[in-house]
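The chain contents come next:
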Amino acid sequence: MRVGHGYDIHRLAAGRPLMIGGVQVPSEQGAVGHSDADVLLHAVVDAILGALKAGDIGRHYPDSDPAWRGADSTRFARETAARARDAGWEPVNVDATVLLERPKLAGHVPAIEQRVAECLDVAADRINVKAATNEGLDAVGQGRAVACHAVVLLARRHR
Ligand code: MG
């Protein structure tokens, strides 16, 4: 077994889509970033890469590379899951916590879990997404940023 942890944060601004786990969440503000700024998928990718001892998302998808401008982060997640399988590892489960003051994410969580499961090619019951606020504290709490923590477990594939 291997465990990995990922963390990501993006600023929020008007005029950007808010992508969370490959789902566009209706919001007055969206996340700012070089790619589509999907904080959940970026944290999941970093968690998988960490479990694989394969560095971090910035190494594989540098924001200095124009190829990733506006990129769909589901691609990063699919490719990273494939990288894990190529290395002999299977994703067992993901547990993630998204920190966002508004809008409330709870109603979107089932769709987000389904989408993340599709990206990693695992059953949806292996993906758990929790939505929390920062109780009005710091940049997240003041509605200026969205952050995410993710933990992933990988198991050796049976050959
Ligand atoms: Mg990011």
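As shown above, the structure is provided for reference.
Residues numbered from 1 in each chain as written. Predicted model: local features only at pLDDT ≥ 70, side-chain atom pairs only at ≥ 80, totals over all residues. Heavy atoms only, no water.

*Asks:* Can you help me understand the environment of H34 in this one?
*Replies:* Mapped onto the elements, H34 comes out in the loop between β4 (29-31) and α1 (39-51). Taking the C-alpha atoms as reference points, H34 and G70, 36 residues apart in sequence, are found 6.0 Å from one another. Of note is the side chain of H34, whose polar atom sits 3.4 Å from the backbone oxygen of D63. (Helix = DSSP H or I, 4+ residues; strand = E, 2+ residues; numbered from the N terminus. Polar contact = N/O pair within 3.5 Å; in protein donor to acceptor, adjacent residues only side chain to side chain.)

*Asks:* Just to check I follow, could you spell out α1 for this structure?
*Replies:* Each α-helix winds once per 3.6 residues, and so residues spaced three or four apart point in a common direction. For α1, which comprises 13 residues, the first-to-last C-alpha distance of 18 Å matches the rise-based estimate of 18 Å (1.5 Å per residue) to within 8%. In terms of burial, α1 is a largely internal element, 12 of the 13 residues being buried. Along α1, the positions that sit buried rather than exposed are V39, L40, L41, H42, A43, V44, V45, D46, A47, I48, L49 and A51. Positive backbone phi, at 55°, marks K53, one or two positions downstream of α1. (Expected span 1.5 Å × (residues − 1). Buried < 20%, exposed > 50% of the residue type's maximum accessible area, 1.4 Å probe, protein only.)

*Asks:* Would you take a moment to explain the sheet that holds strand β1 (residues 2-14) for this structure?
*Replies:* Through backbone hydrogen bonds, the strands of a sheet pair up, either in parallel or in antiparallel fashion. Here five strands make up an open sheet; going across it, the order is β4-β1-β7-β5-β6 and the pairing mixed. Across the chains shown, the open sheet's two edge strands, defined by having one partner strand only, are β4 and β6 (127-132). Sheet twist, expressed as the mean angle between neighbouring strand axes with direction ignored, is 25°. Each of β5 (89-99) and β6 is contacted by helix α4 (residues 109-120), which is oriented at about 140° to β6, the strand it contacts most. (Pairing = 2+ DSSP bridges. Axes fitted to C-alpha atoms, helices over the stretch in contact; angles between N-to-C directions. Contact = heavy atoms within 4.5 Å.)

*Asks:* I'm lost on the packing of aromatic side chains in this one. Help?
*Replies:* Centre distance and the angle of the planes are the two values used to describe a pair of aromatic rings. This structure, assessed with the given rule, holds three aromatic pairs. Ring centres 5.5 Å apart and planes at 85° place the aromatic pair W68 and F76 in the edge-to-face group. By the burial criterion, W68 is buried, and F76 matches it. An aromatic cluster is defined as three or more aromatic residues linked by ring pairs; in this entry it consists of Y61, W68 and F76. (Phe/Tyr/Trp six-rings, centres within 6.5 Å; stacked < 30°, edge-to-face > 60°.)

*Asks:* Just checking my understanding: could you explain the nonpolar core for this structure?
*Replies:* One broad trend across soluble globular proteins is that nonpolar side chains are buried collectively. With 47 residues, the main nonpolar core has I20, L40, V98, L120, I127 and V146 as its most contacted residues. Within the residue set of this core, elements represented by two or more residues are β2 (18-20), β3 (23-25), α1, α3 (73-86), β5, α4, β6 and β7 (145-156). It is α1 that contributes the most residues to this core, 10 residues altogether. Those residues in contact with I127 that sit more than four places away from it in its chain are V94, E113, V116, A117, L120 and V122. (Core = buried A, V, L, I, M, F, W, Y, C linked by side-chain atoms within 4.5 Å.)

*Asks:* For this particular structure, what's the right way to read the coordination of the magnesium ion?
*Replies:* Six octahedral donors around a metal ideally sit at 90 or 180 degrees from one another, while four tetrahedral donors ideally sit at 109.5 degrees. Looking at the magnesium ion, one finds its protein donor set to be D8 (OD), H10 (NE2) and H42 (ND1), positioned 2.1 to 2.2 Å from the metal centre. In primary sequence terms, the donor set of the magnesium ion follows D-x1-H-x31-H. Taken as a pair, D8 in strand β1 and H42 in helix α1 lie far apart in primary sequence, 34 residues in all. (Donors = N, O, S within 2.8 Å, 3.2 Å for Na, K, Ca; no water.)

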